[in-house]
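The lines below spell out each chain.
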Amino acid sequence: MSKKRIYELARELGVPTKELIEALANMGMPGLKAVNTVTDEEAEVIRELFQEHQGQGKEAASPASVQEAKVEPEEAPARPKAGVPRPPVVAVLGHIDHGKTTLLDAIRKTHVTQQEAGGITQSIGAYQAEVDGRLITFIDTPGHKAFTAMRARGAQVTDIAVLVVAADDGVMAQTLEALDHIKAAGVPMIVAINKIDKPDANPDRVKQELAQLGYTPEDWGGDTIMIPISALTGQGVQDLLEMILLVAEMEDIRGDPKGELDAVVIESHLDTARGPVATVIVKNGTLKERDIVVVGPSWGRIRALVDYRGQRIKEAGPGTPVQLLGLSEVPPAGERVELVKKPGQAKALVEERRREALQRRRVARPLMTFEDLLEAAEKKKLAVVLKAESTGALDAARLELGTIETEGVELDVLHAGVGPINESDVLLVATAEDAQPLVVGFGVKVDGKARRAAEERGIPVRTYDIIYDLTQDIERAMRRLLGPEYEEIKVGEAEVLKTFDIDGVGRVAGCIVRSGKVVRGARVKVLRMGEEVFTGEIGSLKRFAQDVREVQAGRECGIRIRDFDQIQVGDLIEIYTLREVEG
């Protein structure tokens, strides 16, 4: 019995795959997204149902409704995205030894046409797989650290993430970490349950563990796509690739070859023969030989573009991975490629960036302390990465953090894991948008790379041995995000004996200080017959026509209260100063 793929059926019906799936879900077939193919009989039923559904939609537009539409026109439909569908860019993440590299190798061997240059296949850190005439771009640098390092520089390269989980191991520490990185990136995720060929494989256990984390499989009524595979035997790999294409079509991933260039460096190195080499993925626009480009601290006229097969090409369009030769120095991963018109313009831009970087190093303290965080916090969200020495300690710390409530401030735990604070933790928190970043450890150390990454990005890192200190400092930081708290301290009291209306000034109260003192600029409360009638501050304070800073008890003075001209004889003025409440 022959089968038809969902996106092929959508093309036959002349609609996007996403529209077909949504329409069928409305007709009581919500599970269609979880499958890649349908039989010919099922396809015929879907055609009839869809066409009938479309017909009902047309009939619903009665003459009356058309007339109403003329009176109150509907909103214009959203503009379609610019450009044309492009190959999706896919990153593969997961726990060590769960089969990330084996999966990438299996895809490369089966779906990549080997066209070796000089008998040697040149690896460029990314390649394209062809599936049913359509291309998928894979970033061949598995690992969430590389995945997040680019985002820490503001470059969102990946369109779809594939999380590999071994069916015999289940969810492990790095699986959880990868999940948090994918969630922070906000990209669609497909779970590849690998090693189903092993005797002790238990895919249902993997599904159960992920469901407990909030990632319920589609075949269990959730919305997380999970595909059982064996990267070793190739079983299910084709299904995974077809699902990637389906998700790409549903996400409507596009690029405009004639549009503005959007290209990002995913890795780079210095080649002794070819000089600085940058592997770039073009997401929009077109990169061409002889283009003059600026890439972070480097620039150059593109001398050559080399594709993933090692073939030299003249230009690279949307979705294409390519090696770029001709730069003045090796650029960091995550830097964007910018087109400029003239070499002089490129040189000037690079020099300006270098001056700015040098100035920042001179005037800015590279590492923000926890105290700096308390003083400088301006955002109403605290993004935290939490590390602990054991699962028990981690559970205890998470439980304590869950009890912290500060109205108006959100605590977002981006990741919580076991082990020392590493570079990946710092890179993850660096990607937090509209939030104050913080990395905390409970009973753990900070490795050298993490310290350097924190210094470069100005991210506070703090470790604790007592859980109470950890939660108390987190709570203090959250309160300070709202700004400092103050309490009123009553310092004196004055009675109004006379009032004077002065042109251009307003009403001035002639007072006797009954107790304490009156301080210029202090807060005041005006009491009349025991009732508070105004709260404000002292605008001016005089004694015998002289401006003074304060007047002690038993002495007379003239008080002008800012924005209040209704002061009367007999009113009592209470004087307050504000004292900041220590957190």
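Residues numbered from 1 in each chain as written. Predicted model: local features only at pLDDT ≥ 70, side-chain atom pairs only at ≥ 80, totals over all residues. Heavy atoms only, no water.

Engineer: So what about the pattern of salt bridges? Which residues, and what values?
Structural biologist: Throughout the structure, instances matching the rule amount to 30 salt bridges. Across the pair E289 and R312 runs a salt bridge whose closest N-O atoms are separated by 2.8 Å. Linking E289 in the loop between strand 13 (287-288) and strand 14 (292-295) with R312 in strand 17 (residues 312-313), this pair joins segments that are 23 residues apart in sequence. What makes E289 buried here is its relative accessible area of 14%. With a relative accessible area of 57%, R312 lands in the exposed category. For the salt bridge of K490 with E493, the shortest nitrogen-to-oxygen distance reads 3.0 Å. (Salt bridge = Lys/Arg side-chain N within 4 Å of Asp/Glu carboxyl O. Helix = DSSP H or I, 4+ residues; strand = E, 2+ residues; numbered from the N terminus. Buried < 20%, exposed > 50% of the residue type's maximum accessible area, 1.4 Å probe, protein only.)

Engineer: Talk me through the packing of aromatic side chains; I want residue IDs and the actual numbers.
Structural biologist: For the coordinates displayed, the defined rule picks out 2 aromatic pairs. Summarising the aromatic geometry, the rings of F534 and F564 are spaced 4.4 Å apart at their centres and angled 10° between planes, so their arrangement reads as stacked. Placement of F534 in strand 28 (residues 531-543) and of F564 in the loop between strand 31 (556-561) and strand 32 (572-580) is noted, with a sequence separation of 30 residues between them. In this arrangement the basic side chain of K525 is found over the ring face of Y576, its NZ or CZ atom lying 4.8 Å from the centre. (Phe/Tyr/Trp six-rings, centres within 6.5 Å; stacked < 30°, edge-to-face > 60°. Lys NZ or Arg CZ within 6 Å of the ring centre and 35° of its normal.)

Engineer: Account for unusual backbone geometry, with residues named and values stated.
Structural biologist: Residue D132 is not a glycine yet carries a positive backbone phi of 50°. With respect to the helices and strands, D132 occurs in the loop between strand 5 (126-131) and strand 6 (134-139). Taking the relative accessible area as the measure of exposure, D132 reaches 40% and is therefore partly exposed.

Engineer: A description of the sheet that holds strand 8 (residues 189-194) should follow, citing residues and the corresponding values.
Structural biologist: As summarised here, the arrangement of the 6 strands in space is 5-6-4-7-8-9, forming an open sheet in which the pairing is mixed. Looking along the sheet, the strands with just one partner apiece sit at the ends: strand 5 and strand 9 (225-228). Sheet twist, expressed as the average angle between the axes of neighbouring strands with direction ignored, equals 30°. Summarising the sheet, strand 7 (residues 160-166) and strand 8 pair through 6 bridges and their orientation is parallel. Considered in strand 8, the bridge of V162 is made with I190. Along the sheet face, helix 8 (residues 203-212) touches strand 7, strand 8 and strand 9 and points at about 145° away from the line of strand 8. Against the sheet, helix 9 (residues 237-251) touches strand 4 (89-94), strand 5, strand 6, strand 7, strand 8 and strand 9, its axis set at about 100° to strand 6. (Pairing = 2+ DSSP bridges. Axes fitted to C-alpha atoms, helices over the stretch in contact; angles between N-to-C directions. Contact = heavy atoms within 4.5 Å.)

Engineer: Any details on the environment of Q345? Residues and values, ideally.
Structural biologist: Structurally, Q345 can be placed in helix 10 (residues 343-363). By relative accessible area, which is 44% here, Q345 ends up partly exposed. Residues Q345 and V294 lie 51 residues apart in sequence; the distance between their C-alpha atoms is 9.4 Å. At 3.4 Å, the side chain of Q345 and the backbone nitrogen of K341 are in polar contact. (Polar contact = N/O pair within 3.5 Å; in protein donor to acceptor, adjacent residues only side chain to side chain.)

Engineer: Got a sec to walk through helix 13 (residues 423-430)? Specific residues and values, please.
Structural biologist: Buried residues dominate helix 13, accounting for 6 of its 8 residues. Turning to helix 13, its buried residues number three or more, namely S424, D425, V426, L427, L428 and V429. Regarding helix 13, its N-cap is N422, as a side-chain oxygen of that residue lies 3.1 Å from the backbone nitrogen of S424 further along.

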